[in-house]
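Listed below, chain by chain, are the residues.
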Amino acid sequence: MTEAEEELWLENIQLRQQAHYYQSLHARALAKQQEQAGQIEVLKAKVAELQKRLFGRKRERGCSSEAWLAKRRPRRCRGQQRGTRGHGRRRRTTLPREEVVVEAPLAQRICARCGLPFEAAGTQAAHEEIEWEVRLVRKGYRCQRYHRTCDCPGVPDWIVAAPPARLIPKGLLSVGTIVEMLRLKYKYHLPLQRILGLAQDSGLRLSPGTVCGIWQKLVPLLSPLYLAILEATRQSGQWLMDETRWEMFFNVEGKASHRWWVWVVVSSISRVYLLKPSRGAKVPEEFFGWEVETETCRFSGSLMVDRFASYKFLAVALLLAFCWAHVRRDFLMFHAGADAAGQDWANRWIEDIGQLYRLNELRIQAGRDLKAPELPAPFVRLDPERMKQPEYAQSQQALVQQVESMAQAREAQLAQGALPGPRRKILKSLREHWAGLTLFLDHPEIPLDNNGAERAGRPAAVGRKNYYGSGSEWSGQLMAMLMTLFQTLALHGVDDRGYLRAYLEACAQNQSQAPKDLTPWLPWNFKAAVPVAPAPTARAP
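Residues numbered from 1 in each chain as written. Predicted model: local features only at pLDDT ≥ 70, side-chain atom pairs only at ≥ 80, totals over all residues. Heavy atoms only, no water.

Novice: Any chance you could explain the overall build of the protein chain here in plain terms?
Specialist: Secondary structure summary: the protein chain contains 17 helices and ten strands in total. Dimensions of the protein chain, computed from C-alpha atoms along their principal axes, come out at roughly 150 × 65 × 55 Å. In the protein chain, which comprises 541 residues, the proportion classed as buried is 36%. In the protein chain, 64% of the contacts between residues at least 6 apart in sequence involve partners at least 24 apart. For the protein chain, the computed accessible surface area is about 35100 Å², with 52% contributed by carbon and sulfur atoms. Positive and negative side-chain charges in the protein chain, numbering 76 and 56 respectively, have mean positions lying 9 Å apart. (Helix = DSSP H or I, 4+ residues; strand = E, 2+ residues; numbered from the N terminus. Buried < 20%, exposed > 50% of the residue type's maximum accessible area, 1.4 Å probe, protein only. Contact = heavy atoms within 4.5 Å. Areas by Shrake-Rupley, 256 points an atom, 1.4 Å probe, with all protein chains shown as cover. Lys, Arg positive; Asp, Glu negative; His and termini not counted. Charge placed at Lys NZ, Arg CZ, Asp CG, Glu CD.)

Novice: Please clarify how the environment of S268 should be interpreted in this entry.
Specialist: The topology assignment puts S268 in the loop between β4 (259–266) and β5 (271–276). If we ignore the near neighbours within four places in the chain, the residues touching S268 are L375, P376, F379 and L491.

Novice: Any chance you could explain unusual backbone geometry here in plain terms?
Specialist: Trans is the prevailing form of peptide bonds, just as negative phi is the prevailing case for residues other than glycine. Backbone torsion omega between A377 and P378 reads 10 degrees, so that peptide bond is classified as cis. Relative to the helices and strands, P378 is located in the loop between α9 (340–367) and α10 (390–414). In this structure, Y468 is a non-glycine residue whose phi angle is positive, near 70 degrees. Checked against the element boundaries, Y468 lands in the loop between α14 (458–467) and β10 (469–470).

Novice: So what exactly am I meant to see when it comes to α10 here?
Specialist: Residues three or four positions apart in an α-helix share a direction because the helix packs 3.6 residues into each turn. With 25 residues, α10 should reach 36 Å at 1.5 Å per residue; the first-to-last C-alpha distance of 36 Å fits that figure. Turning to α10, its buried residues number three or more, namely Y392, S395, Q396, L399, Q402, V403, M406, A407, R410, Q413 and L414. In this fold, the buried residues of α10 make contact with α8 (324–337), α9, α11 (421–432) and α12 (434–437). (Expected span 1.5 Å × (residues − 1).)

Novice: Please explain the packing of aromatic side chains as it appears in this structure.
Specialist: Aromatic rings considered in pairs are described by the distance between their centres and by the relative angle of their planes. Throughout the structure, instances matching the rule amount to 17 aromatic pairs. Ring plane angle 55 degrees and centroid distance 5.9 Å describe the contact between F250 and W260, whose orientation is recorded as tilted. Of this pair, F250 sits in the loop between β3 (238–248) and β4 while W260 sits in strand β4, and the two are ten residues apart along the sequence. Both rings, one in W290 and one in F313, keep their centres 5.0 Å apart while their planes meet at 85 degrees; by these two values the pair is edge-to-face. Of this pair, W290 sits in strand β6 (residues 290–291) while F313 is found in the loop between β8 (302–305) and β9 (319–322), placing the two residues 23 residues apart along the sequence. By the ring-pair criterion, three or more aromatic residues cluster together here, those being F331, F334, W345 and W349. A cation over an aromatic ring shows up here: R145 above the ring of W158, its NZ or CZ 4.9 Å from the ring centre. (Phe/Tyr/Trp six-rings, centres within 6.5 Å; stacked < 30°, edge-to-face > 60°. Lys NZ or Arg CZ within 6 Å of the ring centre and 35° of its normal.)

Novice: Looking at this structure, I do not really get the side chain of S267. What am I missing?
Specialist: Assignment of secondary structure puts S267 in the loop between β4 and β5. In terms of polar contacts, S267 uses its side chain to reach the side chain of S270, at 3.0 Å. (Polar contact = N/O pair within 3.5 Å; in protein donor to acceptor, adjacent residues only side chain to side chain.)

Novice: Would you mind going over the packing of α9 against α11 with me for this structure?
Specialist: Packed helix pairs are characterised by how far apart their axes lie and by the angle those axes make with each other. Relative to each other, α9 and α11 sit at 15 degrees, their axes nearing to 12 Å. Our classification of the angle between α9 and α11 gives roughly parallel. Considering the relative orientation of α9 and α11, their crossing is left-handed. Two secondary-structure elements touch here, α9 through A341, G342, W345 and W349 and α11 through R423, I426, L427 and L430. (Axes fitted to C-alpha atoms, helices over the stretch in contact; angles between N-to-C directions. Parallel < 35°, antiparallel > 145°, perpendicular 65-115°, else oblique. Left-handed = near helix turned anticlockwise from the far one by under 90°.)

Novice: In this structure, what is going on with the packing of α9 against α10? I would like to understand it.
Specialist: One way to put it is that α9 packs onto α10 with a least axis distance of 8 Å and a crossing angle of 160 degrees. Considering their axes alone, α9 and α10 lie roughly antiparallel with respect to each other. The handedness of the crossing between α9 and α10 is left-handed. Side by side, α9 and α10 meet where W345, W349, D352, I353, Q355, L356, L359, N360, L362, R363, A366 and G367 of the first sit next to E391, Y392, S395, Q396, A398, L399, Q402, V403, M406, A409, R410 and Q413 of the second.

Novice: Teacher, can you tell me more about the pairing of β5 here?
Specialist: For a regular strand, the rule is simple: side chains alternate between the two faces of the sheet. Within β5, five of the six residues are buried, which leaves it mostly tucked inside the rest of the structure. In terms of strand pairing, β4 meets β5 through six bridges, oriented antiparallel. Across the sheet, residue W263 finds its bridge partner in β5, namely L274. The hairpin formed by β4 and β5 contains four residues between the paired strands. (Pairing = 2+ DSSP bridges.)

Novice: Any chance you could explain the side chain of H433 here in plain terms?
Specialist: The residue H433 is located in the loop between α11 and α12 in this model. If near-sequence neighbours (up to four positions away) are discounted, H433 is found in contact with R307, K312 and F322.

Novice: Is there a simple way to think about the pattern of salt bridges in this case?
Specialist: One side chain can pair with another of opposite charge once the charged atoms of both are near each other. Considering all chains together, one arrives at 20 salt bridges under this definition. For the salt bridge of R183 with E180, the shortest nitrogen-to-oxygen distance reads 3.5 Å. In this pair, R183 and E180 are both assigned in helix α3 (residues 175–186), three residues apart and thus about one turn of the helix distant. Since its relative accessible area comes to 8%, R183 is described here as buried. The shortest N-O distance in the salt bridge between R279 and E243 comes to 3.0 Å. Remark: E243 occurs in strand β3 and R279 occurs in the loop between β5 and α7 (282–288); sequence separation between them is 36 residues. (Salt bridge = Lys/Arg side-chain N within 4 Å of Asp/Glu carboxyl O.)

Laid out in structure tokens, this is it:
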């Protein structure tokens, strides 16, 4: 090989090395470009999701596909429809009636000719109206004294009627006033300053410290009742759980922020609110009685939750079901920032989930127990005899086929190498939670979603918005107790004003302590038998 040929050979080798080097750089650049394109797509979807949460419609019903919107019946006008028979004016028989007799002016009651007066001769009906009276009064109690009229030995000369028992010794406010303030704060979510303003409008000036001091003394009275409801809820065997934030404006050692959490537990008999400083797994561990060594729970049953990680350890001890509404929300959020092809893909999945709800409702209707009283939604009582009928079997088969079809579609799409990253992420999450999402097939009493728990958390969200949170631990615990009471009483159709007044009066009769037997005071028992406080006995002066 000549010197010129050797130079050409070396140059060729060098050029080949440079070509391989630039080819590798080009491949790396293409891979990075594809990676960045995927990241851009993910970020676009995230921006669209955040914009939807901030500026978009809050309801999800009208956010599905055009095919679903086309199926909707035209919305009718609000109110009484033309051509339909009305129900007439409602008779308000639940309100006490007060007769007011209107007197004619004196000049009209005298004869204009002779000057003799007209005499009253009955009344004539005019009209009826509703009067809203709000007034505060000072009630001064005086105890009747009695002197004996006999000469029997050993009998005192005088006796005096015992004064009514007081919930708080030397307290300023009556039980009725305390109940009204509690209803305004924890049922209607008015801030304390606004409640005090309403009282001032009626002539009563109170300081916040006075009211807070009274409320603080209610905590040991309500705590046993709250714990009794909590224990009954644990034993119910079917639950929905969710959590929402709550601000506690005081410092706790070892905790960097003021953020606590209100955990909501929904059962067929109650709505329980738990105020905890953590959103971790310790809360469900404590509620269900989790045993670390045996990985079992003291209470067994089914639990419907979202896909939050703090619940997932319970899958080995409970029937842990996941929420289809959250899965649907994944596709709705993807739909907001997707192109036309992505929106079509999301719409197909949304339609499949909607079909799942429709088929499950048909199955529930085919197996519902028509003889027993209905449970509050979303709980359902099924009839074993009706579940043996062909209609139920057909609806069950249609539901199973729909679930299998969705599973096949999921796996077929995940097998596609060109599936975009955001779609793959949603489908992987669907596959990961599939066992919990399909528990309702073998257990038809399990609802499809966790909407019941999310709706039950709304009172805490409204309270958080109106008065921000709690300023001390006892006030936060009082909030959890009273929200539990108000929501559970509403569930059973019990008048909360009458219930709280009767319970606090019973505490007053029991020397400002909670009644020993709380069974009659559980909301689901109070409706059947209302305990009556014993009448005060006479005492010697």
